[in-house]
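# Close look at the chain arrangement
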Amino acid sequence: MTRSSVRKPKQEQVKAWLYVVIEPLIDGLTREEFFLSHNDPSWRFRAKRCEFIRPVREYIDAQQESTLQQFLRFNKNEAKLAVSHDTKLAVLENSANAVYNQLIQLPEFVTLALNIDTADPNWRGAYGRENASNLLAEYTINWATYQDIPSHYLSAEVWKKHGQETLVFRKHKSVKRQFDHLITVLEDLNQITIEFKDSLSTVRDNLADNFGLPPVPISNNPIFTEYS
Amino acid sequence: MARLIPLRDVIDDGLSVFFDSNTLINWFKQKDVRSPLRDSIVSIAFNKRFTTELVAWEFFHPLGVKKEEIKERKKWLEDNQIRILQKIPSGYIQTFLSLLKLPNSRGDAIDAALAAHSIAHNSPCVVVTINGKHFCWHNNISVITDFLPSDSCE
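Residues numbered from 1 in each chain as written. Chains lettered and ligands numbered in written order. Predicted model: local features only at pLDDT ≥ 70, side-chain atom pairs only at ≥ 80, totals over all residues.

## Here we look at the overall build of chain A
Across its full length, chain A holds seven helices and two strands. Listed N to C, the secondary structure of chain A is α-β-β-α-α-α-α-α-α in terms of helices and strands. Counting over 228 residues, chain A shows a buried share of 34%. (Helix = DSSP H or I, 4+ residues; strand = E, 2+ residues; numbered from the N terminus. Buried ≥ 20, exposed ≤ 12 C-beta atoms within 10 Å, placed from the backbone.)

Right, here's the structure in full:
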């Protein structure tokens, strides 16, 4: 008998899926939804990665990798969605990188960043002046749809003053095509994330009902209880 | 002296990363300030970021921190996906006791416990600290170089 022919899980397996796979995955995808709903990839120029949108396996305790794999072997639709999610995330990171590389080569964009920096050098935190255009490009990628940046961000004031003229560069002829592609990828990933999260919620509820288990652990982390 | 490992290698090798108190407190206090060091955390996979229960205690409950800030600290730790280790590795107590006997051991007890965790941990791991002197005194402790001031492991 091959492993893939085993199709009926036992209660202990289901318990592990519910508490170490499905719950953290739903948490992670919920956080992703927030950023994706704002067309914000949370992309960081230094790491060249998205900060809050991550491959599926990163949401699961590394020691529970085999539990994740088992869950995906038993749940083909979720396995397919997990692959779609991670594939689209890789496309998103490449797309953001491509936009960024184009933006920081535009002399007008670099000039704008340096002008902003001259007026208010504090906006870039501990980064040097040489990173002004890198940071501004990152904000141009991430902050297109927010009404306001929370005031405790060092860059909030600068963005209030210069956000609109910065965002004009999203329509610049040499990057517009890449930005359009980035938006399409963000929308695609948003759809996948929503579908994946909904699908996981359904699987969770079905498993919990069928196996007589609570859908989430009764006490997740007692150290945090008082402050939740 | 500790093994010094660049962050790039830590990421490539998928090592677990243990954060010490000073790093967490420092980053939390500068949470709204962009910095190359702070941004380095983005490269570390979510499921590789850990700290100990003692470091978490020191982070959440220092004297003079109001309840509102404790909530903020909790949210910050969660947002950054830094998880509190839920298990004491076997051999932890023996390791701690052996560190206790070393004349060149330095740092406070919470750092020592983190050091013992990192040595006894059942898979390769590495410490993030901005105080090299608190961790650099033992050959079996691995420390990420990127966060260390240049002279702190001499």
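## A word on the overall build of chain B
Each helix and strand in chain B was counted, giving seven helices and six strands. The N-to-C order of helical and strand elements in chain B reads β-α-β-α-α-β-α-α-β-α-α-β-β. A compact globule built from 154 residues would reach a C-alpha radius of gyration of about 15 Å, and chain B, at 15 Å, matches this within 12%. Structurally, chain B occupies a C-alpha span of about 40 × 30 × 30 Å along its principal axes. Considering only residue pairs separated by 6 or more positions, chain B has 72% of its internal contacts joining residues 24 or more positions apart. (Rg over C-alpha atoms; globule rule 2.2 N^0.38 Å. Contact = placed C-beta atoms within 7 Å.)

## Considering the interface of chain A and chain B
When the parts of a complex come together, some accessible area is lost, and that lost area is often taken as the interface size. Counting residues at the interface gives 22 residues for chain A and 17 residues for chain B. When its residues are assigned to classes, the side of chain A that touches chain B shows 12 nonpolar, two polar and eight charged. (Nonpolar A, V, L, I, M, F, W, Y, C, P; charged D, E, K, R; others polar.)

## What to know about the environment of Asn131(B)
The residue Asn131(B) is located in the loop between β5 (125–128) and β6 (142–144) in this model. Along the backbone, Asn131(B) and Asp111(B) are 20 residues apart, and their C-alpha atoms lie at a distance of 10.0 Å.

## Here we look at the confidence of the model for chain A
Predicted coordinates in areas of low pLDDT are best not read in detail. On average, residues of chain A score 92 in pLDDT, and 93% of them reach the 70 mark or higher. Every residue in residues 222–228 of chain A scores below 50 in pLDDT, and together they form five contacts with partners more than four places removed in sequence or on other chains. (pLDDT = per-residue confidence, 0-100.)

## Brief notes about helix α1 (residues 11–37) of chain A
Residues and elements named next belong to chain A. Helix length check: α1 (27 residues) gives 36 Å between terminal C-alpha atoms against 39 Å at 1.5 Å per residue, within 8%. Residues Val-14, Trp-17, Leu-18, Val-21, Ile-22, Pro-24, Leu-25, Gly-28, Leu-29, Glu-32, Phe-35 and Leu-36 constitute the buried set of α1. The inward-facing, buried residues of α1 abut α2 (65–74) and α7 (176–211). After α1 finishes, the residue Asn-39 shows a positive phi value of roughly 50 degrees. (Expected span 1.5 Å × (residues − 1).)

## Section: the packing of helix α3 (residues 76–103) of chain A against helix α5 (residues 132–142) of chain A
Residue and element names in this part refer to chain A. Taken N-terminus to C-terminus, the directions of α3 and α5 make an angle of 135 degrees; their axes are 10 Å apart at the nearest point. On the basis of the axis angle, α3 is oblique to α5. Every pair of crossing elements has a handedness; the one defined by α3 and α5 is right-handed. The segment α3 lies against α5, with Ala-96, Val-99, Tyr-100 and Leu-103 engaging Ala-137, Thr-140 and Ile-141. Each residue belonging to the contact of α3 with α5 can be placed in one class, and the counts come to six nonpolar, one polar and no charged. (Axes fitted to C-alpha atoms, helices over the stretch in contact; angles between N-to-C directions. Parallel < 35°, antiparallel > 145°, perpendicular 65-115°, else oblique. Left-handed = near helix turned anticlockwise from the far one by under 90°.)

## Details of the pairing of strand β2 (residues 16–19) of chain B
All names here are of chain B. On β2, burial covers both faces: Ser-16 and Phe-18 on one face and Val-17 and Phe-19 on the other are all buried. Pairing analysis gives four bridges linking β2 to β5, with the strands arranged parallel. Across the sheet, the residue bridging to Ser-16 is Cys-125, located in β5. Examined bridge by bridge, β2 and strand β3 (residues 49–51) share two bridges and lie parallel to one another. Counted as the bridge partner of Val-17 is Arg-49 from β3. (Pairing = 2+ DSSP bridges.)

## Some remarks on the confidence of the model for chain B
Of the residues in chain B, 98% have a pLDDT of 70 or more, and the chain-wide mean is 90. The complex prediction reports pTM at 0.87, with the ipTM value standing at 0.81.

## Let's talk about unusual backbone geometry
Residues and elements named next belong to chain A. Positive phi, close to 50 degrees, is recorded for Asn-39, a residue that is not glycine. Relative to the helices and strands, Asn-39 is located in the loop between α1 and β1 (43–44). With 17 C-beta atoms counted inside 10 Å, the residue Asn-39 sits in the partly exposed group. Positioned with a positive phi, Ser-42 is a non-glycine residue whose angle comes to about 50 degrees. Assessed through the 21 C-beta atoms surrounding it within 10 Å, Ser-42 is described here as buried.

## So, the environment of Val168(A)
Considering the arrangement of structural elements, one finds Val168(A) in the loop between α6 (156–167) and α7. Separated by 28 residues in the primary sequence, Val168(A) and Thr140(A) place their C-alpha atoms 9.2 Å from one another.

## What to know about the packing of α1(A) against α7(A)
Residue and element names in this part refer to chain A. Packing of α1 against α7 brings their axes to within 9 Å, and their N-to-C directions diverge by 150 degrees. One element, α1, and the other, α7, form an angle in the roughly antiparallel class. For the pair α1 and α7, the sense of crossing is left-handed. For the contact of α1 with α7, a count of residues per class yields 17 nonpolar, six polar and four charged.

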